[in-house]
Amino acid sequence: MKVRFWGTRGSLPVAQKAAAIRDKIATALVAADGRRFADLDEARTFADDELEFAVGGTYGGATSCVEIEAGDEFILCDLGSGAREFGLDAMARCARGHARVYHLFMSHFHWDHIMGFPFFVPVFDPETKIVIHSGHADAELALRRQQEEISFPVAFDWLRAQISFVTLETGKPYAIGAVTVELIEQNHSHKSYGYRFTDAAGKSVVYSTDSEHKVDRMDQEAAFVAFFGDCDLVICDTMYSLADSASMKEDWGHSSNVVAIDLCHQAQAKRLALFHHEPTYSDADIQRMHQESIRYEELTREAAPLAVICAYDGLTVEV
Amino acid sequence: MTQGTLDWTVETREGLRLIAPIGRVDETTATEFAERLAEEIAKAASDGHKRLAIDLAEIEYMSSRGLRGLTLAQRQSADSGITIVLARPNQIMREILAISRYDKVFQVFDDIDGI
């Protein structure tokens, strides 16, 4: 099983401004310290091996969209703005023979998780079958409403793909495509759902975004510890600091790196991917949050280490 | 100290109740930690103290459950007109307070006399 991150930003897409790129280049030039590179490949190796990620790369700015590669059919979590690029890439794969079947799993239907759907090219292919799975019974309403004339020029009924909606229930395993899927209800405005995908080899990935673990409802966390149990990769909403999530941003529906690490420790999960990055954060801010998360994991570790990675647009993780 | 419990010392000074938990505050001790904080807030209020200081020098580490217990205590103490402050964080607690940004929402003192 592979996990590909097509959009990792929370709430709103962001883009790098010219000054941010200039500063990355300037920092790289200072780090190179007059070194000469024979060709672009040698320069790329320098960027990969010797520059911090926040200097030599970027975490990206597309909103939530994560592909789970398992079996012959596409599996995708959420339709944030990252779904546009995924759709183009998927069409290219279909042109090379990939099955034109998509299983979409929706955490919820807030703006940043559906804004990619009108730009998701496979919806215009009549040979394509798209099944939209959700814990929400009003999934179709949410996607149709987004394409009403007041919001978008292309109506939902103009889409050519064979689109269907399936409402899933918590507490039941579903065999969908090449995986078994379970879901858990999460605390978020109008609810959200987390998903656990398990492949035939027993490898598992949890996608748990837009999930607030409330300061006065810590008794609810045992269910998440069980849901994350022994998972190979847990993708978690880590948008805020713990202090923010318990004060100024309480009830905004998001969680922190610190709570995610504690839950994964208790669940004895193997890897945690920090996800749904705060849109006001620069690359340097996200990198700092990642480094702090690694340190917190070290400080609070009681058993096996938890690998803490930081999701970025374009990252592929082998599970 | 036995595993899964915290030891505590309590001291009172002019206008101040000073409590010092000893051990780890994690999922096994967080409930005890939160309940004890609630008791200490009630005692501070009944004794007329305006501040409750939590000495963090002997805390091995504190997970998010303990930190969120501090938030709940802060809310409860505000209702009683009591301010909770943190004191003498050791190096590990200093890092945890910084990573969680709890050093932005609690006043932190380097020594008891400075409170």
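Located above this text is the structure these notes cover.
This one's a predicted model, so the numbers in the text were calculated from it and none came from an experiment.

(A) Local environment of the overall build of chain B. Across its full length, chain B holds three helices and six strands. For chain B, the C-alpha radius of gyration of 13 Å lies close to 13 Å, the compact-globule estimate for 115 residues. Summarising its shape, the C-alpha atoms of chain B cover approximately 30 × 25 × 25 Å along the three principal directions. For chain B, buried positions account for 48% of its 115 residues. If you take every contact in chain B between residues at least 6 apart in sequence, the share linking residues at least 24 apart comes to 71%. Across chain B, the mean location of the 14 positive side-chain charges is 5 Å away from that of the 19 negative side-chain charges.

(B) Looking closely at the pairing of strand E11 (residues 233-237) of chain A. Residues and elements named next belong to chain A. Of all five residues in E11, five are buried, a share of seventy percent or more. Of the two faces of E11, the one holding Leu233, Ile235 and Asp237 and the one holding Val234 and Cys236 are both buried throughout. In this sheet, E11 lies alongside strand E10 (residues 204-208) in parallel orientation, the contact comprising four bridges. Note that in E11 the partner of Tyr207 across the bridge is Ile235. Crossover handedness for the path E10 to helix H7 (residues 221-227) to E11: right-handed. Relative to strand E12 (residues 271-275), E11 runs parallel, the two being bridged by four bridges. Of the residues in E12, the one forming a bridge with Val234 is Leu272.

(C) Examining the packing of helix H9 (residues 257-267) of chain A against helix H10 (residues 283-300) of chain A more closely. Residue and element names in this part refer to chain A. Packing of H9 against H10 leaves a shortest axis separation of 10 Å and a crossing angle of 40°. Taken together, the axes of H9 and H10 lie oblique to each other. When the axes of H9 and H10 are compared, the crossing they make is right-handed. Mapping the contact onto sequence places Asn257, Val258, Ile261, Asp262 and His265 in H9 and Met289, Ser293, Tyr296, Glu297 and Thr300 in H10. Its residues assigned to classes, the contact of H9 with H10 comprises four nonpolar, four polar and two charged.

(D) Spatial organisation of the pattern of salt bridges. All names here are of chain A. Throughout the structure, instances matching the rule amount to 37 salt bridges over all chains. Taking the shortest distance from any N to any O, the salt bridge between Arg22 and Asp23 comes out at 3.0 Å. Taking the relative accessible area as the measure of exposure, Asp23 reaches 39% and is therefore partly exposed. One network of salt bridges, with partners in common, ties together Arg4, Glu67, Glu69, Asp89 and Arg93.

(E) Looking closely at the interface of chain A and chain B. The interface is formed by 23 residues belonging to chain A together with 22 residues belonging to chain B. Roughly 2000 Å² of surface becomes buried between chain A and chain B when both sides are summed, with 58% attributable to carbon and sulfur atoms. Contact with chain B buries area across many residues of chain A, yet Met218, Leu299 and Glu302 of chain A alone supply 26% of it, more than any other trio. Inspection of the region where chain A meets chain B yields six salt bridges. Here Glu95 of chain B makes a salt bridge to Arg295 of chain A, at a shortest N to O gap of 2.6 Å. Our enumeration of links across chain A and chain B arrives at eleven residue pairs in polar contact (both at pLDDT 80 or more). Among the elements of the structure, helix H8 (242-245), H9 and H10 of chain A are those that each provide at least two residues to the side of chain A that touches chain B. Residues belonging to the side of chain A that touches chain B are distributed by class as follows: nine nonpolar, six polar and eight charged.

(F) The arrangement of the sheet that holds strand E6 (residues 162-167) of chain A in detail. Residues and elements named next belong to chain A. Read from one edge to the other, the open sheet built from seven strands follows the order E6-E5-E4-E3-E2-E1-E14, with strand pairing classed as mixed. For this open sheet the edge positions go to E6 and strand E14 (316-318), each flanked by a neighbour on one side alone. Within this sheet the neighbouring strands show an average axis-to-axis angle of 20°, counted without direction. Strand direction decides the pairing type here: strand E1 (residues 2-7) and strand E2 (residues 65-69), joined by five bridges, are antiparallel. Following the sheet pairing, Gly7 is matched in E2 by Cys65. Where helix H4 (residues 82-95) meets the sheet, it contacts E1, E2, strand E3 (74-77) and strand E4 (101-106), and its direction lies at approximately 130° from that of E1.

Conventions adopted
Residues numbered from 1 in each chain as written. Chains lettered and ligands numbered in written order. Predicted model: local features only at pLDDT ≥ 70, side-chain atom pairs only at ≥ 80, totals over all residues. Heavy atoms only, no water. Helix = DSSP H or I, 4+ residues; strand = E, 2+ residues; numbered from the N terminus. Rg over C-alpha atoms; globule rule 2.2 N^0.38 Å. Buried < 20%, exposed > 50% of the residue type's maximum accessible area, 1.4 Å probe, protein only. Contact = heavy atoms within 4.5 Å. Lys, Arg positive; Asp, Glu negative; His and termini not counted. Charge placed at Lys NZ, Arg CZ, Asp CG, Glu CD. Pairing = 2+ DSSP bridges. Right-handed = clockwise from strand over helix to strand, strands pointing away. Axes fitted to C-alpha atoms, helices over the stretch in contact; angles between N-to-C directions. Parallel < 35°, antiparallel > 145°, perpendicular 65-115°, else oblique. Left-handed = near helix turned anticlockwise from the far one by under 90°. Nonpolar A, V, L, I, M, F, W, Y, C, P; charged D, E, K, R; others polar. Salt bridge = Lys/Arg side-chain N within 4 Å of Asp/Glu carboxyl O. Buried area = accessible area lost by both parts, 1.4 Å probe. Polar contact = N/O pair within 3.5 Å; in protein donor to acceptor, adjacent residues only side chain to side chain.

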